[in-house]
Amino acid sequence: MTVLESPAVMAAGAYISEIFASFQGEGPRAGQRHMFVRFAGCNMRCVYCDTEYSLTRVPVCQVEYPDGSSRTLPNPVDIRTLSTIVAEFCAADPAIAMISLTGGEPMVQREFIARWLEEFSPAVPCLLETNAVIPEGLDELLEHIEVVSADIKLPSNSGESPQWESHEEFLRVCTSRPAVETYVKVPVDAGTDADELARAVRLVRSHGPDIRIFLQPIDDRSGYISDGSDAYLDAFLRELPGSASDIGISPQLHKLAGVR
Ligand code: SF4
């Protein structure tokens, strides 16, 4: 860990790539109006990543307000500034139902987020969108989080090394807090290893039969899901362990709808 990455320094300010309001496009809250705080920097490099501009600590944060105005802020953004912006968004757009803390990977900057939410209570609940491979510091952060959207990263389509142990521990911490709603998204495509997918389902089910699972078809970054998607999704659902009746298909609706 470098001096610049020490918890004390990271807690003083956050690297954020963009802040905006739009419609949640994924999971059980798809269609809800959310405010998005996209943290810059990620510990993974998935080949299907559609937020490559947020994988490193960018120098400025782009803010697009609900009224269409915009501004840029130098990074890192301090607690007071972020709190002011969040309050402004919620006041200007009463339809905002949640604040999605996304990335990049927000858990990389968990010390900042925990300190920020200790000092500031947003008007609406927070949803943590995460790759679910950094369990360190999660329990403390969940004091301030109402919903966790946890990805399971499969090596056969992410191009990353297996993360089973990290996912296991992450889900264990999430489910140790019954007040926190946790659901799981699993990006899939025609090249996904069916055994890996089955292992992911077993892993999730071992932590709670009620955790909702969404298979998220990987698109070509323009929102287009390739031919044959129906066939492979159907095959996956038929081959999964146990009942697949509570496993949903969740394409990224914001891309299909042509919104951000
Ligand atoms: S974890 Fe998410 S943000 Fe990071 S590389 Fe993978 S898809 Fe992109």
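Throughout, residues of each chain are indexed from 1 in the direction in which the sequence is written. For this predicted model, a pLDDT threshold of at least 70 governs which residues receive local features, and a threshold of 80 or more governs which side-chain atom pairs are given and counted, while totals over whole chains, interfaces and linings are taken from all residues. Hydrogens and waters are ignored; side-chain quantities use all the structure's heavy atoms.

Bringing the overall build of the protein chain into the picture now. When you go through the protein chain residue by residue, the secondary structure sums to nine helices and 12 strands. The contact rule is simple, with two residues in contact once any of their heavy atoms fall within 4.5 Å. Counted over contacts in the protein chain with a minimum sequence separation of 6, partners at least 24 positions apart contribute 71%. Residue burial considers only the protein chains on display, and all accessible areas are found by Shrake-Rupley using a 1.4 Å probe. Working note: accessible area of the protein chain is about 11,400 Å², and carbon and sulfur atoms make up 51% of it. Helix and strand definitions here come from DSSP, where helices need a minimum of 4 consecutive H or I residues and strands a minimum of 2 consecutive E residues; each element is numbered from the N-terminal end.

Moving on to the site of the ligand. Throughout, the term near means that a residue has one or more heavy atoms lying within 4 Å of the molecule or strand in question. Within the structure, the ligand sits among C42, M44, R45, C46, C49, T51, L55, G104, N131 and K153. The residue makeup of the shell around the ligand, split by class, is five nonpolar, three polar and two charged. Lys, Arg, Asp and Glu make up the charged group, whereas Ala, Val, Leu, Ile, Met, Phe, Trp, Tyr, Cys and Pro make up the nonpolar group; the residues left over, Gly among them, are polar.

It is worth spelling out the sheet that holds strand β11 (residues 212-217) at this point. What makes two strands pair is DSSP finding at least two bridges between them. Within the open sheet, the 10 strands sit side by side as β5-β4-β2-β3-β7-β8-β9-β10-β11-β12. Their pairing is mixed. At either end of the open sheet lies a strand with only one pairing partner, and these are β5 (70-74) and β12 (247-249). Pairwise comparison of adjacent strand axes, ignoring direction, gives a mean angle of 20° for this sheet. Pairing geometry for strand β8 (residues 126-130) and strand β9 (residues 147-151), over four bridges, is parallel. Counted as the bridge partner of L127 is V147 from β9. Comment: axis = line fitted to C-alpha atoms, over the contacting stretch for helices; angle = value between 0 and 180 degrees taken between N-to-C directions. Against the sheet, helix α3 (residues 110-119) engages β3 (33-39), β7 (98-102) and β8, with an angle of about 160° to β7. Taken strand by strand, helix α6 (residues 164-175) contacts β8, β9 and β10 (181-188), and its axis lies near 165° from that of β9.

Grouped together as the largest cluster of nonpolar side chains are 71 residues, with contacts concentrated most on I19, L101, W116 and I152. Element by element, the count of residues in this core is highest for helix α2 (residues 79-92), at six residues. Residue contacts for L101: discarding those within four places in its chain leaves V37, F39, P106, I113, W116, L117, C126, L127, L128, E129 and I145. Definition used in this section: a nonpolar core is a set of buried Ala, Val, Leu, Ile, Met, Phe, Trp, Tyr and Cys residues joined via side-chain atoms within 4.5 Å. Three exposure classes are used, based on accessible area relative to the maximum for each residue type with a 1.4 Å probe and protein chains only: buried under 20%, partly exposed in between, and exposed over 50%.

With that settled, consider the pairing of β7. Counted residue by residue, β7 has five buried out of five residues, so it is predominantly covered. Both faces of β7 are covered, namely the face carrying M98, S100 and T102 and the face carrying I99 and L101. Two strands pair when backbone bridges link them, and β3 and β7 are joined in this way by five bridges, in the parallel orientation. By the bridge assignment for β7, F36 is matched with S100. The sheet contact formed by β7 and β8 spans three bridges and is parallel.

Our next topic: the pattern of salt bridges. Salt-bridge detection follows one rule: a side-chain nitrogen of Lys or Arg within 4 Å of a carboxyl oxygen of Asp or Glu. For the structure on display, the rule yields 11 salt bridges. Across the salt bridge formed by E18 and R38, the nearest N and O atoms sit 2.6 Å from each other. Of this pair, E18 sits in strand β2 (residues 16-23) while R38 sits in strand β3, and the two are 20 residues apart along the sequence. The residues E18 and R38 share a single accessibility class, namely buried. The salt bridge involving D234 is made with R238; its shortest N-O contact spans 3.2 Å. Of the two residues, D234 and R238 are both situated in helix α8 (residues 229-239); the distance of four residues between them amounts to about one turn of the helix. Residue classification places D234 among the partly exposed positions, given a relative accessible area of 40%. A single salt-bridge network, built from bridges that share partners, covers E26, D151, K153 and K185.

Let us look at the environment of L203. Structurally, L203 can be placed in helix α7 (residues 194-207). Separated by 38 residues in the primary sequence, L203 and E165 have C-alpha atoms spaced 10.0 Å apart. Sequence-distant contacts of L203, defined by excluding residues within four places in its chain, comprise I152, W164, H167, E168 and L171.

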